[in-house]
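Structure at a glance
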Amino acid sequence: MKDKLIEIIKEAGELLKEGYFSNKEVNFKAKKDLVTKYDVAVENFLKNRFSKEFPSFTLIAEESDNTDIKFGDSIIIDPIDGTTNFVNQVPHTAISVGVYKNKEPYIGVVYNPILNELYEAKTGCGSFLNGKKIEVSKENDFQKSLISTGFPYTSGSNQNDLNDVIKKIEIILPKCQDIRRLGSAALDLCYVARGTYEGYYEMNLKAWDVSAGILILSEAGGKISNINGEEYKLFDDKYIVATNGYIHKELILNLNAK
Ligand code: LIP
C-alpha cells in the first residue's frame, strides 16, 4: 500500500508545485486561516485516487465536510500543510497523509515537493527521508535544544490563546538554544524526526496537520504526548508535545510552568 500511496502523493505534488509558482486568489476560512483553489484541487486529486485504490478506507480531509468522522480504517489528508507559506512562496509546505488501521497509525507520508523532501514511515519499519533512514537527535541538554512551535489561527481572535502563546515563549526561550516557527506542523514533526529540532509543541492543531508526522516521529525514536505527558489523542487533545524523548520531561515542565 505504501508504494502506491507515495506514487499518488508524488503526482499530487506536481499540482502543489504548479500552484506554488503561480499567482493565486486567496480566500479566508477565518481571519488567519487561508485557502486557495490548489488546496481544494490537491485534496480532490488525492481523494479521487485513494478512493479507487483503497476503497475500504474512510477518507478524512481538511477541505471537506468533516462533521461525521468515522475514525476506524482511515486515510487522513492535509492537501497543503503550511498554506500561508504556500501562498507567500515560503518553501516550507507539504502534503501530509496518515493511514490508520483500527485507529492505530499504520503509514505516514509527508512530501514537500518544493524542496524535494519525502518523509515516510510504516509501523515497526523506521522512518526515512528520500529513502535514507532518519533518527531523532541525542541531545539531552535543554539549554542546547532547538525548539519549534506554531501559532494557532485562534491567536488572531482569542485573547486567552494569544496570552498562552506569549507566556510559553517567555518561559521557554531563555531556557533553550532558540525557538523556530516555520509554519507547517507536519514538517515540524519531521524535523524533530530527522534530528534538526529537539522538540516541538503547538496548540489547536487538527488531526490532518499531524496524522502522518506523529508516526514518522515515533518510528524515528521520538516521543509524542499531550501537555500532561499522557498519550496524545488525535481528535481530542488541545496541545501536542513532540520531542527526541531526552528533553520531553523538561519541555512538559516548562509548558506547565506558571
Ligand atoms: C497549519 C499548520 C501550522 C499551524 C497552523 C495550521 P494548514 O496548517 O501546519 O504550522 O501553526 O495553526 O494548522 O492550515 O496550513 O494546513
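In what follows, the accompanying structure is described. Just so it is clear, the structure is predicted and the values come from calculations on it, not from any experiment.

Considerations on the site of the ligand
In the vicinity of the ligand, 15 residues are found, and the nearest of them are Asp 81, Thr 83, Gly 150, Ala 185 and Asp 209. Here the shell around the ligand is composed, by residue class, of five nonpolar, five polar and five charged. Per-domain counts for the shell around the ligand show at least three residues from each of domain 1 (2–134) and domain 2 (142–256).

What to know about the nonpolar core
Core analysis: the largest hydrophobic core is formed by 66 residues, its most contacted members being Val 110, Leu 189, Ala 193 and Ile 216. Summarising the domain contributions, this core has at least three residues from each of domain 1 (2–134) and domain 2 (142–256). In this view, Leu 189 contacts Tyr 200, Val 210, Gly 213, Ile 214, Ile 216, Leu 217 and Ala 242; residues no more than four positions away in its chain are not counted.

Some details on the sheet that holds strand β12 (residues 199–203)
Strand order in the open sheet formed by five strands is β11-β10-β12-β14-β13, and the pairing between neighbours is mixed. Because the sheet does not close on itself, it has two edges, and the strands there are β11 (178–180) and β13 (223–225). The sheet shows a mean angle of 20° between the axes of neighbouring strands, taken without regard to direction. Bridge count for strand β10 (residues 146–149) against β11 is three bridges, and the pairing is parallel. Across the sheet, Ser 148 pairs through a bridge with Arg 180, a residue of β11. Contacts between helix α8 (residues 248–256) and the sheet are confined to β12, β13 and β14 (239–243), with β14 contributing the most and set at about 150° to the helix.

Considering the sheet that holds strand β3 (residues 58–61)
Pairing in this open sheet of seven strands is mixed, and the strands run β3-β4-β5-β6-β7-β8-β9 from one edge to the other. The open sheet terminates on both sides in strands that have one partner only, identified here as β3 and β9 (132–134). Here the strands of the sheet are splayed against their neighbours by 20° on average, with no regard to which way each runs. Note: strand β5 (residues 94–101) against strand β6 (residues 104–112), seven bridges, orientation antiparallel. The residue bridging Tyr 100 from the neighbouring strand is Pro 105, located in β6. Each of β4 (74–81), β5, β6 and β7 (117–122) is contacted by helix α1 (residues 2–20), which is oriented at about 35° to β6, the strand it contacts most. Strands β4, β5, β6, β7, β8 (127–129) and β9 of the sheet are contacted by helix α5 (residues 185–193), whose axis makes an angle of about 100° with β6.

Some points on the pairing of β7
With respect to burial, β7 is a largely interior element, five of its six residues being buried. Across six bridges, the pairing between β6 and β7 is antiparallel. Residue pairing for β7: Asn 112 is matched across the bridge by Glu 117. Hairpin connection of β6 to β7: four residues between the antiparallel strands, including Asn 116 at a positive phi of 50°. Note: β7 against β8, three bridges, orientation antiparallel. Counterpart to Glu 120 in the pairing with β8 is Phe 128. The turn joining β7 and β8, which pair antiparallel and follow one another in sequence, is formed by four residues; a positive phi near 85° is taken by Gly 124.

A closer look at unusual backbone geometry
Generally, phi is negative for residues other than glycine and the peptide bonds are trans, each holding for most cases. A positive phi is found at Gln 89, a non-glycine position, where the angle reads about 55°. As for its position among the elements, Gln 89 is in the loop between α3 (83–88) and β5. Take Gln 89: there are 10 C-beta atoms within 10 Å of it, and that puts it in the exposed class. Of note, Lys 103 is a non-glycine position whose phi angle comes to about 70°, a positive value. Tracing the sequence through the fold places Lys 103 in the loop between β5 and β6.

The rules we used
Along every chain, residues carry numbers that run from 1 in the direction the sequence is written. Under the rules for a predicted model, residues below a pLDDT of 70 receive no local features and side-chain atom pairs below 80 are neither given nor counted, while totals for whole chains, interfaces and linings still include all residues. Placing the C-beta atom from the backbone, one calls a residue near a molecule or strand if that atom lies within 6 Å of it. Here the nonpolar group is Ala, Val, Leu, Ile, Met, Phe, Trp, Tyr, Cys and Pro; Asp, Glu, Lys and Arg are the charged ones; every other residue, Gly included, is treated as polar. Residue ranges for the domains trace back to a domain assignment, done automatically or taken from a database. We define a nonpolar core as a collection of buried residues of the types Ala, Val, Leu, Ile, Met, Phe, Trp, Tyr and Cys that are connected via C-beta atoms lying within 7 Å of each other. Residues are called buried when their C-beta atom has 20 or more other C-beta atoms within 10 Å, exposed when it has 12 or fewer, and partly exposed otherwise; all C-beta atoms are positioned from the backbone. By definition, residue pairs are in contact when their C-beta atoms, positioned from the backbone, come within 7 Å. Between any two strands, at least two bridges found by DSSP are needed for them to pair. Only DSSP runs of H or I with at least four residues qualify as helices, and only runs of E with at least two residues qualify as strands; both kinds are numbered from the N terminus onward. Helix axes are fitted to C-alpha atoms over the stretch in contact, other axes to C-alpha atoms as well, and angles between N-to-C directions run from 0 to 180 degrees.

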